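Listed here are the chains, written in short residue letters.
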Amino acid sequence: MVRHYLDFERPLMELEREYEELQRFAPRDDPRVQTRLKKLQRRLAKLRQDIYSQLTPWQRTQLSRHIDRPHTLDYIQLVFEDFIELHGDRRFMDDPAMVGGIARLDGETVIVVGHQKGRDVKEMSFRNFGMPHPEGYRKALRIMELGARFKKPIITMIDTPGAYPGVGAEERGQSEAIAHNLREMATFPVPIVVVVIGEGGSGGALAIGVGDRILMMENAIYSVISPEGCAAILWRDGTKGPLAAEALKLTAMDLLKLGVIDEVIPEPLGGAHRDWQGAASNFKEAVLRHLGELRDVPEQRLLLERYHRFRRIGAFTQEWGDDLAG
Amino acid sequence: MAWFKKREPAAQEVKAVDALWSKCNVCNEIIYKKELERNLNVCPKCGYHFPISAQKRIAIVADDGSFRELDRDLAPVDPIHFRDTKRYLERLKEAQKKTGLKDAFITGKGNIQGSPVMIGVFDFSFLGGSLGSVVGEKIARMVEKAMEERVGVIIFSSSGGARMQEGILSLMQMAKTTAALSLLRRERLPYISVLTDPTTGGVTASFGMLGDVIMAEPGALIGFAGPRVIKETIKTDLPPGFQRAEYLLKHGMIDLIVERRKLKGVLGRLLGLFYH
Ligand SMILES: [Zn+2]
């Protein structure tokens, strides 16, 4: 079932393998097998509890990038119906690091866009590791504009290490593409629900992250810079990622406390990669609930509240008040 | 530290020279500081535009005595108790001492050749002009004030991007400032973005690239990712002139390049054209 184990998950590997093999190959009616299975189950439950209930920010970072984690297209398949993928920015190319289209969610037509990572070497490279070029952001914008025009709610899924840093990306306006999306998403007169499903890497994540609700999967991260990048700059040592992950306050719980996100969507014990169906059903329940709350909000109020949702973020002091003296 | 003691006189000597002379980053010319300042901190030999303080920028573009600073006492805090090799609070204190500023951005209302406008200016010498909560709040307030007073907005950027030490709150300033600009746009008030050396990261990827008119100083480095990161990623040399103002102009990313000594005139004319 689980194919890849992270270093801190290793203790589970042997027990899980033994459990699976027994279940698959041992005679079911043998009482000794049944006893062994029960015992293994208890030990596994305890071990999982021990490992996953006290994850460090760095371990969460690793989980958020876990290769077996459900990606945008997986959630689309598990949660939505009738999905039709739309392609291309109508300017230059189709960017496979960003996907999007039109679908149904619980019967209602919605617009859905998200970063897309790959799972094997070939797909990872095809998807550019989920790092969009400007065309990806422009495609996302074009598809989201359909939502604005046809009054369909928009759901976005964030899962990227960041926008791609390359020559062509710069030449064709990576900054402009991201900036443009930020501004336009602030003005779409339809509900927008953003879900950080994996890795929320900096401006390249935020570029599809302006909305009325921002939700995060329990083991997702969202950060101004990758822990490794931060470590390389501030510690002058890229291997200090675990320290930087701690310092940056990038876990879902941290962001909830900071008032940046609205809700943490629980993942099945051990993380979304261990139970896609469970993760998807929690995702669906949360997104539907928030869309329900937003459905009847009048357009003007929706936009005003979206404005203030971001307007109020920030921490500072001001001792003397406004000193515009004449 | 014996070696330090031995070298101390030499260090003082260098300091004395530093106080009087500057070296051009581009052509290596040693320039008399007074002359450099008279020339608006532009190298008289090669035309390189040295970074300048926010105060100096305001003095160059605003009509004499017209600038009224806003929110001068807005000051940073340490919302995520950040510490790397040093505490964020310490870094802030050092930067405040060095620059005499509370944070990396000054805002206010002034006139440019008689046209009233809200002006915001980064100071790169304050933690690399990084975008944190104070900068974001000041921009949101200046844009809101511009709408109240029905005037345009000019932002002079020079920034390394979002401020890591305020974590996700810094990233969210990109959304906050661009949301404010979306309202200004709806109100049909002009926003002019002036990109100066260097402007990268979250500043370029938010209000930096959203000007109704985007101008840059000659030679300014402007980009999303820094050249070093790009080089490490693609593992080949970068094209000549890559991410410089001239390169962006050629690729259609900015409207015009304006020399510092002409900046006030161009901004004044542009505001006049938008206003009347
Ligand atoms: Zn020079």
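The rules behind these values
- Residues numbered from 1 in each chain as written.
- Chains lettered and ligands numbered in written order.
- Predicted model: local features only at pLDDT ≥ 70, side-chain atom pairs only at ≥ 80, totals over all residues.
- Domains from an automatic or database assignment.
- Pairing = 2+ DSSP bridges.
- Helix = DSSP H or I, 4+ residues; strand = E, 2+ residues; numbered from the N terminus.
- Axes fitted to C-alpha atoms, helices over the stretch in contact; angles between N-to-C directions.
- Parallel < 35°, antiparallel > 145°, perpendicular 65-115°, else oblique.
- Contact = placed C-beta atoms within 7 Å.
- Expected span 1.5 Å × (residues − 1).
- Nonpolar A, V, L, I, M, F, W, Y, C, P; charged D, E, K, R; others polar.
- Buried ≥ 20, exposed ≤ 12 C-beta atoms within 10 Å, placed from the backbone.
- Core = buried A, V, L, I, M, F, W, Y, C linked by C-beta atoms within 7 Å.

Digging into the domain arrangement of chain A
Thinking step 1. Looking at the assigned domains, one finds that chain A contains domain 1 (13–54) and domain 2 (61–311).
Thinking step 2. Measuring from the centre of the C-alpha atoms in domain 1 of chain A to the corresponding centre in domain 2 of chain A gives 36 Å.

Looking at the pairing of strand β2 (residues 98–105) of chain A
Residue and element names in this part refer to chain A.
Thinking step 1. Alignment of strand β1 (residues 81–85) against β2, held across three bridges, turns out to be antiparallel. Across the sheet, Glu-81 pairs through a bridge with Arg-104, a residue of β2.
Thinking step 2. In this sheet, strand β3 (residues 108–115) lies alongside β2 in antiparallel orientation, the contact comprising eight bridges. The partner of Leu-105 across the bridge, within β3, is Glu-108.

Some thoughts on the packing of helix α5 (residues 133–149) of chain B against helix α6 (residues 167–186) of chain B
Residues and elements named next belong to chain B.
Thinking step 1. Close contact between α5 and α6 brings their axes to 9 Å; oriented N to C, the two are set at 10°. The pairing of α5 with α6 is recorded here as roughly parallel in orientation. Contacts between α5 and α6 involve Ser-133, Val-135, Gly-136, Ile-139, Ala-140, Val-143, Glu-144, Ala-146 and Met-147 on the former and, on the latter, Leu-169, Gln-173, Lys-176, Thr-177, Ala-180, Leu-181, Leu-183 and Leu-184.

Focus: helix α6 (residues 134–150) of chain A
Residue and element names in this part refer to chain A.
Thinking step 1. When the terminal C-alpha atoms of α6 are compared, their 25 Å separation across 17 residues agrees well with the 24 Å that a helix rising 1.5 Å per residue should span.
Thinking step 2. On its buried face, α6 sits against β2, β3, β4 (154–160), α7 (167–171) and α8 (174–185).
Thinking step 3. In the stretch just after α6, Lys-151 is the one whose phi turns positive, near 55°.

Remarks on the interface of chain B and chain A
Quoted interface sizes are often the accessible area lost when the parts come together.
Thinking step 1. Contact residues are listed per partner, giving 56 residues for chain B and 48 residues for chain A.
Thinking step 2. Of all the secondary-structure elements, those providing two or more residues to the side of chain B that touches chain A are β3 (68–70), β4 (74–76), α5, α6, α7 (201–204) and α8 (227–234) of chain B.
Thinking step 3. For the side of chain B that touches chain A, the element with the highest residue contribution is α6 of chain B, accounting for 14 residues.
Thinking step 4. Classifying every residue of the side of chain B that touches chain A by side-chain character gives 32 nonpolar, 16 polar and eight charged.
Thinking step 5. Relative to β4 of chain B, strand β9 (residues 316–318) of chain A is paired through three bridges, and the arrangement is antiparallel. Looking across to β4 of chain B, one finds that Phe-316 of chain A is bridged to Pro-76 of chain B.

Here we look at the environment of Gly-238 of chain A
Residues and elements named next belong to chain A.
Thinking step 1. Considering the arrangement of structural elements, one finds Gly-238 in the loop between α10 (227–235) and α11 (241–248).
Thinking step 2. On the neighbour-count criterion, Gly-238 (15 C-beta atoms within 10 Å) is partly exposed.
Thinking step 3. With 15 residues separating them in the primary sequence, Gly-238 and Ser-223 have C-alpha atoms 16 Å apart.
Thinking step 4. Excluding anything up to four places from it in sequence, Gly-238 contacts Glu-228, Ala-231 and Ala-232.

Focus on the nonpolar core
Thinking step 1. In this structure, Leu-182, Val-195, Met-216 and Met-217 of chain A together with Val-153 of chain B are the most contacted members of the largest nonpolar core, which totals 149 residues.
Thinking step 2. Of all the elements, α6 of chain B adds the most residues to this core, at ten residues.
Thinking step 3. Ignoring anything within four residues of it in the chain, the contact list for Met-217 of chain A reads Val-195, Val-196, Ile-197, Ala-252, Ile-265, Glu-267, Ala-272 and Ala-279 of chain A.

So, the pairing of β4 of chain A
Residue and element names in this part refer to chain A.
Thinking step 1. Of all seven residues making up β4, seven are buried, and the element is well covered by its neighbours.
Thinking step 2. On β4, burial covers both faces: Ile-154, Thr-156, Ile-158 and Thr-160 on one face and Ile-155, Met-157 and Asp-159 on the other are all buried.
Thinking step 3. As paired strands, β3 and β4 are joined by four bridges and run parallel to one another. In the strand pairing of β4, Gly-114 is matched with Met-157.
Thinking step 4. Pairing of β4 with strand β5 (residues 192–201) involves six bridges; the strand directions are parallel. Across the sheet, Thr-160 pairs through a bridge with Gly-200, a residue of β5.

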